[in-house]
Structure formats: structure tokens, C-alpha cells
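What the coordinates show
The primary structure of each chain is shown beneath.
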2 protein chains.
Amino acid sequence: MTTHPPAQLQRGSHRARAPQDGQLRTAQLGPLALETGGELPEVELAFETWGELNSDASNAVLVLHALTGSTHVARGATGEEGWWDTLVGPGRTVDTDEYFVVSGNMLGGCYGSTGPASPAPDGRPWGSRFPFITIRDSVRAEALLADQLGVRSWHSVLGGSMGGARALEWALLYPERVRRCAVIACTAASSAEQIAFAQAQVQAIRLDPAYRGGDYYGGPPPSSGLGLARRIAHITYRSEPELHARFGRSEQGDEQVLGAVLPAERGRYRVESYLDHQAAKLAGRFDANSYVVLTEALMSHDAARGRGSLSEALAGASADFFVAAVDTDRLYVPEQSRQLAAALPGTVPVHLIHSVMGHDAFLTEILQLDGALRAAFFGRAQ
Amino acid sequence: MTTHPPAQLQRGSHRARAPQDGQLRTAQLGPLALETGGELPEVELAFETWGELNSDASNAVLVLHALTGSTHVARGATGEEGWWDTLVGPGRTVDTDEYFVVSGNMLGGCYGSTGPASPAPDGRPWGSRFPFITIRDSVRAEALLADQLGVRSWHSVLGGSMGGARALEWALLYPERVRRCAVIACTAASSAEQIAFAQAQVQAIRLDPAYRGGDYYGGPPPSSGLGLARRIAHITYRSEPELHARFGRSEQGDEQVLGAVLPAERGRYRVESYLDHQAAKLAGRFDANSYVVLTEALMSHDAARGRGSLSEALAGASADFFVAAVDTDRLYVPEQSRQLAAALPGTVPVHLIHSVMGHDAFLTEILQLDGALRAAFFGRAQ
């Protein structure tokens, strides 16, 4: 599918749902030079939209997904649940009756954009040959998508977790194209600990013999390695008190943890069964190579890279900023959001989502930011 | 090596170092029935001692190691550094001129005790056939060692991390044999989060094709899997601020993180290099099967198992307790130590080690407990 140029977008009355709302489409962007010196000769970027671009193209909102997220932010024509349904939709904080909402799949991902599973020029999947993608590379591709959609300047760019890194880079790479920027549960740069946990996840995938150095297409995928990566990640997305309250030391169903003489044959704790489930769920929906590429991209996230000090780097942004963190987030700790806010131009408060859950509350509890986001950004389209 | 019965222990004058101080020895314990229903037909337990048992056998102190620790608690005849050198030695908190200090290698470990690498009755290594060991199983073996050493009752039993779990179980399985019990950076039961991180570590080892289900002896060991387990564990043993302060986002030496077109060929962050080093170090000194067995044992740790509520379980102990935690420990969080202390009979304070480091400060900063331990336990041998 190719993108519809803006002139072809249906300009119905407000309050009517556009027929392509929440439908996956693909934009052909041509070749893209990458930050590490590599190049992709032909880039496709998957995207979805909701609502309609107004006549002066002033109501466009870009929403950017996290590591394993997709472009499906909100319900659309198909009714399929979106990951920020509570935030984006008719009458929601980001009101799709008022705003033209765009969501772009990150370059290197596996939800429609050019990634390791895509055919290289020789027709075979890129696999191990797929280049190192940075957050900035993806944002440059997203800017080409914006051009095709007729969006010269975003009313606002919003993202959580890796989506927050992308939002921040948008404001720094294209200050003239971002009027407002929301960085939620994300920080100015990936920290030593985030890098450490990310490295363990990448190594888990590479350790799976099915991974075959990344060239596993046509054979069984490295589900165990990807599953292990997800286990590690998922623990860091939650909090110790939440895991304790939900699972404690309970055994799964009638399984008995001390029920076998060999440890490999014992029953499971409920928290193990839960992580087994999370692992299998991700392995069933995500490509391991894309997981590696996006994890590497996230490790590379550093708003200050090549731009002097953090304050100097952020001084280049002209957007109004909105910064938020989850109070129990131990992966993107609130203190790092405070450091980002302090280094931004002007006075930027840090809004807190209160939840026992940890990082993932940026998804499940995003509605806590409704009032603050409406007050800061979404009073009306302008 | 077999154990010297106590009558054969040299009874030199105080202040003289016993020639076998800090020398690895082994006790033959015979068969052992296990908590899951399995049996080991022949158990050897490795141990070291420092100082001498006094005439009424009242000065014996048992020190128990953590997951990958050995019996080498302190320097001895060879001068080799011990892991609690600052705590145990002549003139130290646990004064080996006054006390007869014993350290036992956990059953299933790889520092001299019967473990998966030991020969099974058929002469081949146990490997995948090695049974599930619990903390209680190891403590029962340690009690047989105490019998052989002529120690009917310990002046005190001390342990940190997994060693703390063993110390607590000593006080519950053999209340009449433990007069004082120090549980440091450990809790009443492994939590959901500790189980979750432990499961990921066990799965990392099992994912390594070199693991061969546990029957890798004679071939290359699963160093990558064990190394990945160690990476995950090591991050949890430290704190986010410590990793940030030590490494930040620095690149390793002249390696360039964005220096290659393929992510697999890029340079490393310093924190990655550090974890590579920790992984290689452990893989070079530890057996992967023992890591699995001891990790499973630690997951099984639950002072209340089969003993009613936690308070009911702990009511069976008659020891004086000493509980301590590291203020920045995010694996054995101080709150869990407070819960343990609150459930113990009487009023038990929780002593805090203050450190940016996290869990590992129970090793590096143990001297912070010198005054409190002397006041509580080590005023004089009695």
C-alpha cells in the first residue's frame, strides 16, 4: 500500500470517522542514509492515521510507540483495541474529532516498516545484514512521512518510553516542525543500567541456536531467546511490590514447585507461569531481529550526542515540552525525567503517574495525565 | 581429604594461627535424604576452619556463603584473600583468635561439595541427574558436618544473601544448636521478583546449546549461558546510581558504539565491557549446573514452608537474631528485612549498611556492621 497524498484525504465534516482511521498503510520513502554510515536503498514506513488534517494543516499530532509497540494507537475502522485507546479517540484527550493523529512504525520494526525481515535488494531478507538504526535515523524517516502527509509542522509529538526518545529527537532534529513535545516515561539518554539490561536481552536472542546470527528466516524463529529477552524486560517494566502483590510465592494452578526430584521437572511458581505467558505472547507477535535492532537503537538514545552538553543540546528545541514519569518506574526512574526537565529551556514541570505497576503504567494509567495534557497541549487545535 | 575429628584438631595457644586455617577440607557425610523425595547416596561437604574449638566447644561460629561464594571467608595459611576478610580474622569482628570459625560449601555447589559435576554411583558425573536441593537440605548436611567437628551448638551462625537464608534455616531446623543468628541482606522467603530474575538466569543457562540439558561434562561448558545469567544477576546486585556514576554512557577504551554499520560489530559501552568481564570471570570459576542447582535452592527459600504463618514458623527459633540490610539493595529490599525482623520473636532491629552499591555492599561494606555485631554477638566468647 502506498500513502495517500493529503489532497486525496477525505475532508468530511468534523465528528465523522474517516474510513481509513486506524488502518495500516505504508509510505514509500526512497533511500535513507544512516547515522552510522550505512544506507537503506529503499525505505517503507508503516503508519496509521485518525481524523483529518485541517485546511491549514495545523492540527496534526504525531504519536510514537515504544519498543515492541505498533502503529495501532487507537481504535479505528476495524474496532481493534489500540495501546493508547484511553488517550486517543473521539472526545479523548487527543480528540480525533479535532486532531489529525498520525502514528509511525519505527524504522527497523516488524509492524510494516522496512526491517530485518524485509527483502534486501537481492530479494532475500536482510537478516544479519540489516544495518544499525538509531533513534535519529527513524525520526528522519518519519519526517519524510510527514512531508508526504502534508504536515510541515506538528501541533504536537507525543511518545512514551522509546516513543518518548523519538519525540525528543523530533524536537531536536526538526525544531521548526514541532510546536509541542511530550516525553513520557523516557529520559534524555539511555542510562548505564538501561544499556546493561538491554545488552542482556540482545545476548539472550543471540544465544538461541535458532537465531543463526540473524539469518533464521525460512526456519524456526528464535522464540526461546526472544522470550528470555522479554522476561528480563518485563520484570524491569513492573515493580517489585506489584509482582509481590499479584503473585507472591504462589504455585501455578496445581503445579508443585517441590513436586519433582529434578529441578528441570518441578512445577512452576505463578510468577514464572506469568513470565512464560509474556514470553510466548511476544515471541508470537514480534520478530527477534527487529527486537535486536530497536533495542540497539534505544541503547543509542542520547539527546546530547554531538550537540555539546545536555542543556546546549536541548537549547536547540523550540517546542513547548511536557515531561511525565511513573513514580514507581525503576527502569526510567523519575529522577532522570527530572534531569531532562531541568535541562530543557524554560521551566518544565515533571508530571507523575502514580501507580504500583512501574514503567508499564505509562500505557495502563496514561489517563492520569488527561487533565495536565489538556491544560498544556490540547485545549484546542492551533 | 577427610575431616579431622575434633580430638585431632591442634589445640595450640590462643593468638597462634592454626596450620589448617583457611585450607579447603572435605567431610564424608554418607547418604542424605532430600526434601523433594530424592536421595544422594554419598555426600561430601567441603569446609574450611579458622582458629580452634575451645575445650567446652562453646566458641564455634558458622559463616555461610552466598550463591557463587566459596568457603574461603578469610585469609588463612595460604594468605589468599577471603570474601569477608574485613569481618573475619585475628582481631576482627569475628576474631579467629577467640572463635573457631567454620565455613561450609553449600550442597550442590562446585567448591568441593557433592554437586552435579561429582561422580554419581555409576562413575559418570551427575549432570542432568543431580537432584533438586533446597536450602534445608544443605543445612541438614551442614549439621552432619557440625557433628563431625564436635560442634553441638553454634555460638553464632552468620550469612549474607543465600548465606542468610541458610543461617535462618539453621535457627529453625536446629533451634537447640543455634544461640545467635545473623541474617544479612536476606529475607524470610524469596520474593516473586527474586524468583522472576532467578528463572531468567536458569533459562539463560538452559538456552546455551553447550548446556546439553546439563550433560556437558567432557565437552565445552555453557559459558555464554552462565555468563548471561551472571550479567542479569550482577545488574540486580548493583544499583542504578552506582552503574550511572561508574560508567554512564561512556564507550569502552577507544571502541566506538556507533562505529560500525552492523550492530553486531559495533564498539561497546563501558558498562557492557564491565558485564562482559563479570560474565567471563564467573564462567571461568563456576559450574553452570551448580549455578542452576543453587539458584533453584534459593528460589525455594521460604522459612514458613510447612510451618504455618511466618510468625508461627519463626516462633520455633530460640536464637538471638541480628538482621541487617543494605539501604540501596533492590534485590533483597530493606522492607523485606523489616518484615522478617517484625515476624521474629522479641524486638529485633534492622541494621542498615549505607552504600550506593546495592546488594553487593553486604560483601564490600560489611565492616559497617562491626560495632553492631560486636555489641550484639561478639563481646566475648560464651
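Residues numbered from 1 in each chain as written. Chains lettered and ligands numbered in written order. Predicted model: local features only at pLDDT ≥ 70, side-chain atom pairs only at ≥ 80, totals over all residues. Heavy atoms only, no water.

Bringing the sheet that holds strand S6 (residues 100-104) of chain A into the picture now. All names here are of chain A. Across the sheet, eight strands lie side by side as S1-S2-S6-S3-S7-S8-S9-S10; this open sheet has mixed pairing. A strand with exactly one partner marks an edge of an open sheet, and here the two such strands are strand S1 (25-33) and strand S10 (350-353). Ignoring which end each strand starts from, the neighbouring axes of this sheet average 25° apart. Pairing between S1 and strand S2 (residues 39-50): seven bridges, direction antiparallel. Counterpart to Leu32 in the pairing with S2 is Leu40. Along the sheet face, helix H1 (residues 135-149) touches S1, S2, strand S3 (60-64) and S6 and points at about 125° away from the line of S1. Across the sheet, helix H2 (residues 162-173) lies against S3, S6, strand S7 (156-160), strand S8 (180-184) and strand S9 (320-326), angled at about 150° from S7, the strand it touches most. (Pairing = 2+ DSSP bridges. Helix = DSSP H or I, 4+ residues; strand = E, 2+ residues; numbered from the N terminus. Axes fitted to C-alpha atoms, helices over the stretch in contact; angles between N-to-C directions. Contact = heavy atoms within 4.5 Å.)

Attention now goes to the interface of chain A and chain B. Note on interface size: it is often stated as the accessible area lost on association of the parts. At the junction of the two partners, chain A supplies 61 residues and chain B supplies 61 residues. Regarding the contact of chain A and chain B, the summed buried area is about 4,900 Å², with carbon and sulfur atoms giving 66% of it. Area buried by chain A at its contact with chain B is led by Leu207(A), Arg249(A) and Leu258(A), which between them contribute 15% of it. Linking chain A with chain B are six salt bridges. Where chain A meets chain B, there are 26 residue pairs in polar contact (both at pLDDT 80 or more). Secondary structure elements with two or more residues in the side of chain A that touches chain B: helix H3 (192-207), helix H4 (223-237), helix H5 (240-247), helix H6 (270-285) and helix H7 (288-299) of chain A. The element contributing the most residues to the side of chain A that touches chain B is H3(A), with 11 residues. Split into classes, the residues belonging to the side of chain A that touches chain B amount to 29 nonpolar, 17 polar and 15 charged. (Buried area = accessible area lost by both parts, 1.4 Å probe. Salt bridge = Lys/Arg side-chain N within 4 Å of Asp/Glu carboxyl O. Polar contact = N/O pair within 3.5 Å; in protein donor to acceptor, adjacent residues only side chain to side chain. Nonpolar A, V, L, I, M, F, W, Y, C, P; charged D, E, K, R; others polar.)

What follows concerns the nonpolar core. In terms of nonpolar packing, the biggest core is built from 188 residues, with Trp170(A), Phe321(A), Trp170(B) and Phe321(B) touching the most fellow members. Of all hydrophobic cores here, the second largest spans 29 residues; its members include Trp83(A), Ala185(A), Phe362(A) and Phe377(A). (Core = buried A, V, L, I, M, F, W, Y, C linked by side-chain atoms within 4.5 Å. Buried < 20%, exposed > 50% of the residue type's maximum accessible area, 1.4 Å probe, protein only.)

This part is about the domain arrangement of chain A. Residue and element names in this part refer to chain A. Domains assigned within chain A are domain 1 (6-190 + 302-376) and domain 2 (194-297). Using C-alpha coordinates to define each centre, domain 1 is positioned 27 Å away from domain 2. Of the roughly 2,500 Å² buried between domain 1 and domain 2 on both sides combined, carbon and sulfur atoms contribute 60%. The largest share of the area that domain 1 buries against domain 2 comes from Leu67, Thr68 and Arg330, three residues that together contribute 24% of it. The salt bridge involving Asp360 is made with Arg238; its shortest N-O contact spans 2.9 Å. (Domains from an automatic or database assignment.)

The next subject is the relation of the copies chain A and chain B. Under the fitted operation, chain A is carried onto chain B by 0.0 Å of movement along the axis and a turn of 180°, and the coordinates agree to an RMSD of 0.0 Å. As the rotation angle and translation indicate, the two copies are arranged about a two-fold axis. Residue by residue, 100% of the interface of chain A is reproduced at the interface of chain B, so both copies engage with the same surface. (Least-squares fit on C-alpha atoms with pLDDT ≥ 70 in both.)

Right, let's talk about the pattern of salt bridges for a bit. Under the counting rule described, the total for this entry stands at 45 salt bridges over all chains. Among the salt bridges present, the one from Asp276(A) reaches Arg268(A), with a minimum N-O distance of 2.8 Å. On the basis of relative accessibility, which here comes to 26%, the residue Arg268(A) falls in the partly exposed class. For the salt bridge of Glu255(B) with Arg268(B), the shortest nitrogen-to-oxygen distance reads 2.7 Å. Here the residue Glu255(B) occupies a position in the loop between helix H5 (240-247) and helix H6 (270-285), and Arg268(B) occupies one in the loop between H5 and H6, the gap between them amounting to 13 residues.

Residue and element names in this part refer to chain A. With antiparallel pairing between neighbouring strands as the criterion, S1 and S2 make up a hairpin whose turn holds five residues, including Gly37 at a positive phi of roughly 105°. Where S2 and S6 come together, four bridges link them in antiparallel fashion. Paired with Phe47 across the bridge in S6 is Gly104.

All names here are of chain B. The end-to-end C-alpha distance of helix H1 (residues 135-149), which contains 15 residues, comes to 21 Å, matching closely the 21 Å that a straight helix rising 1.5 Å per residue would cover. Within H1, 11 of the 15 residues are buried, leaving the element largely enclosed by the surrounding structure. Turning to H1, its buried residues are Ile135, Arg136, Asp137, Ser138, Val139, Ala141, Glu142, Ala143, Leu145, Ala146 and Leu149. On its buried side, H1 packs onto strand S1 (25-33), strand S2 (39-50), strand S3 (60-64), strand S6 (100-104), helix H2 (162-173) and helix H7 (288-299). (Expected span 1.5 Å × (residues − 1).)

So, on to the sheet that holds strand S7 (residues 156-160) of chain B. Residue and element names in this part refer to chain B. One open sheet accounts for eight strands, arranged S1-S2-S6-S3-S7-S8-S9-S10; its pairing is mixed. Where the open sheet ends on each side, the last strands, each with one partner, are S1 and strand S10 (350-353). Here the average twist between neighbouring strands, direction ignored, is 25°. Here S3 runs beside S6; their pairing, made up of five bridges, is parallel. By the bridge assignment for S6, Leu64 is matched with Gly104. Where H1 meets the sheet, its contacts fall on S1, S2, S3 and S6, and the angle it forms with S1 comes to roughly 125°.

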